[in-house]
Each structure stands twice: as C-alpha cells, then as structure tokens.
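# Structural characterization, general
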Amino acid sequence: RKSRERSERPSMSSGSRMLGLLFQKEGGTVSTAVLCPTAGKPGKPVRPVTLRSLVRDECAGEIEDRAWFFCDLPDCDVVYFSADGKVLPKTNLKVRVGIKEKESPRPICYCFGHTVESIREEIARTGRSTVTAAITAKINAGLCTCELLNPKGRCCLGDVKAAVDAAFGSLG
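Read on for an overview of the structure. Predicted model only: the values in this text are computed from it and were never measured. (Residues numbered from 1 in each chain as written. Predicted model: local features only at pLDDT ≥ 70, side-chain atom pairs only at ≥ 80, totals over all residues. Heavy atoms only, no water.)

## Quick look at the pattern of salt bridges
Filter applied, for reference: Each reported salt bridge corresponds to a side-chain nitrogen of Lys or Arg within 4 Å of a carboxyl oxygen of Asp or Glu. Only runs of H or I of at least four residues qualify as helices and only runs of E of at least two qualify as strands under DSSP, and these elements are numbered from the N terminus. For each residue, the accessible area found with a 1.4 Å probe, counting protein chains only, is set against the maximum for its type, and the residue is called buried under 20%, exposed over 50%, and partly exposed in between.
All chains considered together, the criterion is met by 12 salt bridges. Two residues, Glu64 and Arg52, come together in a salt bridge whose shortest N-O distance is 2.9 Å. Of this pair, Glu64 sits in the loop between α1 (48-54) and β5 (68-70) while Arg52 is found in helix α1, placing the two residues 12 residues apart along the sequence. On the basis of relative accessible area, Arg52 is assigned to the partly exposed category, the value being 47%. With a shortest N-O distance of 3.9 Å, Asp57 and Lys94 are connected by a salt bridge. In this pair, Asp57 is assigned in the loop between α1 and β5 and Lys94 in the loop between β7 (87-89) and β8 (107-109), connecting sequence segments 37 residues apart. The network of salt bridges with shared partners includes Lys90, Arg96 and Glu101.

## Observations regarding the packing of helix α3 (residues 131-140) against helix α5 (residues 157-171)
Just so we agree on the cut-off: As a rule, the C-alpha atoms of each element are fitted with a line to give its axis, helices using only the stretch in contact, and angles between N-to-C directions run from 0 to 180 degrees. Between 65 and 115 degrees an angle is taken as roughly perpendicular, under 35 as roughly parallel, over 145 as roughly antiparallel, and anywhere else as oblique. Left-handed describes a crossing in which the near helix is turned anticlockwise from the far one by less than a right angle; the clockwise case is right-handed. Two residues qualify as a contact provided that any one of their heavy atoms is within 4.5 Å of a heavy atom in the partner residue. Gly counts as polar in this scheme, as do all residues outside two lists: the nonpolar Ala, Val, Leu, Ile, Met, Phe, Trp, Tyr, Cys and Pro, and the charged Asp, Glu, Lys and Arg.
Where α3 contacts α5, the two axes come as close as 10 Å, and the packing angle between them is 165°. If you check the angle between α3 and α5, you find them roughly antiparallel. Crossing handedness for the pair α3 and α5: left-handed. Residues Val131, Thr132, Ile135, Thr136 and Ile139 of α3 form the contact with α5, whose participating residues are Leu157, Val160, Lys161 and Val164. By residue class, the composition of the contact of α3 with α5 is six nonpolar, two polar and one charged.

## Side note on the packing of helix α2 (residues 116-126) against α5
Look at α2 against α5: their axes get within 9 Å of each other, and the N-to-C directions meet at 45°. The orientation of α2 with respect to α5, classified from their angle, is oblique. In this structure, α2 meets α5 at a crossing whose hand is right-handed. Contact with α2, carried on its side by Ile119, Arg120, Ile123 and Ala124, involves Val160, Ala163, Val164, Ala167, Phe168, Ser170 and Leu171 of α5 and no other residues of that element. Residue composition of the contact of α2 with α5, by class: nine nonpolar, one polar and one charged.

## Thoughts on the packing of aromatic side chains
Where two aromatic rings form a pair, the distance of their centres and the angle of their planes describe that pair. This is how it is decided: Pairing of aromatic side chains requires ring centres within 6.5 Å, counting the rings of Phe and Tyr and the six-membered ring of Trp. Pairs whose planes differ by under 30 degrees are stacked, by over 60 edge-to-face, and all others tilted.
In total, this model carries two aromatic pairs according to the counting rule given. Note on Phe69 and Phe81: the rings are 5.8 Å apart at their centroids and 25° apart in plane angle, and the pair reads as stacked. Separated by 12 residues along the polypeptide, Phe69 in strand β5 and Phe81 in strand β6 (residues 78-82) bring together distant segments of the chain. Judged by relative accessible area, Phe69 falls into the buried class, the value being 12%. With centroids separated by 6.0 Å and ring planes inclined at 65°, the aromatic side chains of Phe70 and Tyr80 adopt a geometry described as edge-to-face. Of this pair, Phe70 sits in strand β5 while Tyr80 sits in strand β6; the two residues are 10 residues apart in sequence, bridging distant segments of the chain. Looking at Phe70, the relative accessible area reads 2%, which means it is buried. On the basis of relative accessibility, which here comes to 0%, the residue Tyr80 falls in the buried class.

As structure tokens, then:
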C-alpha cells in the first residue's frame, strides 16, 4: 500500500527548495516525485535531447545541467519544469503542445502530422480509423523520432489510441 505526503526537501541548487511527493511503499522503500510548481502534479521525466529539439533558441541555455519533467495537465501553461522550480511554459516551445491546446490544430502525433481533428474527421467521414495502424507500421519501419519531436519525449501511440476512442465515443 502506498501513502502519499507532501514534502518540501532541500534541492542541490543554491538554497532553493524542491516541492515533491514522498511515496512510502510496503517494505519501507521511499521514492520522490517532482511536482509541477504551478499545477502541483507529479511530472514525467524528459530527456534533455527532447528539450534541445523543441525549446526556442532564446531559452536553450536554461535546459542544461537540470533534470526536466513534463507537466501533462491540460489547463497548466507549464510544459517542462525542474526540481529547482525552473519552468518552461508552452510559449517557450517551437511547437504547439496538443494536450495543452484548446484550439485547432491539436497535434497528437508529431512524427507523422496527425491531430485530434484529423482523427475525428477520418472517423466522421469513413466510420473507422486507420491512424493507429499507419503509425504502428511507420514505427516498425524505424521512421519515428518521438524523442525529438513529441514534447512528452516518448511514443505517442497511447495518446493516439485514446484520441481514437474519444472520437468514436463523441461521434456515437
């Protein structure tokens, strides 16, 4: 059984403090999740190569020598944050972050150009979706570069499947 408690712990940088969650697992193991300073939600780690590819040039100097995390809360303007409280909002990126956008287009597959709207349009027009199979074929052919192009820094296929399911659900 896991218990969660908020904890402020000193970080390694110049006296600033890190806001995190402590997870106490059975057996006494403790792990810490870093929280978005704006949303207060744990983030997922993102490799620096993703940030180097997507952050605007004027912000590039801020990404080195830090561990970065992705905030996937749709209503939070922060895309990336670090344990020492540094944030990079969506305005600091070269691409639209589909999960954080309310207006079209909302990118969902950055490697092959699929959007929430294109998925919905295909289903409305044909009654089916080919996007998951098309992306899977391209992944198997070694053509994806999610780590460089997707702001999450990982494969979009789970997000695409969820968008397909949501589109089917909303279209009836």
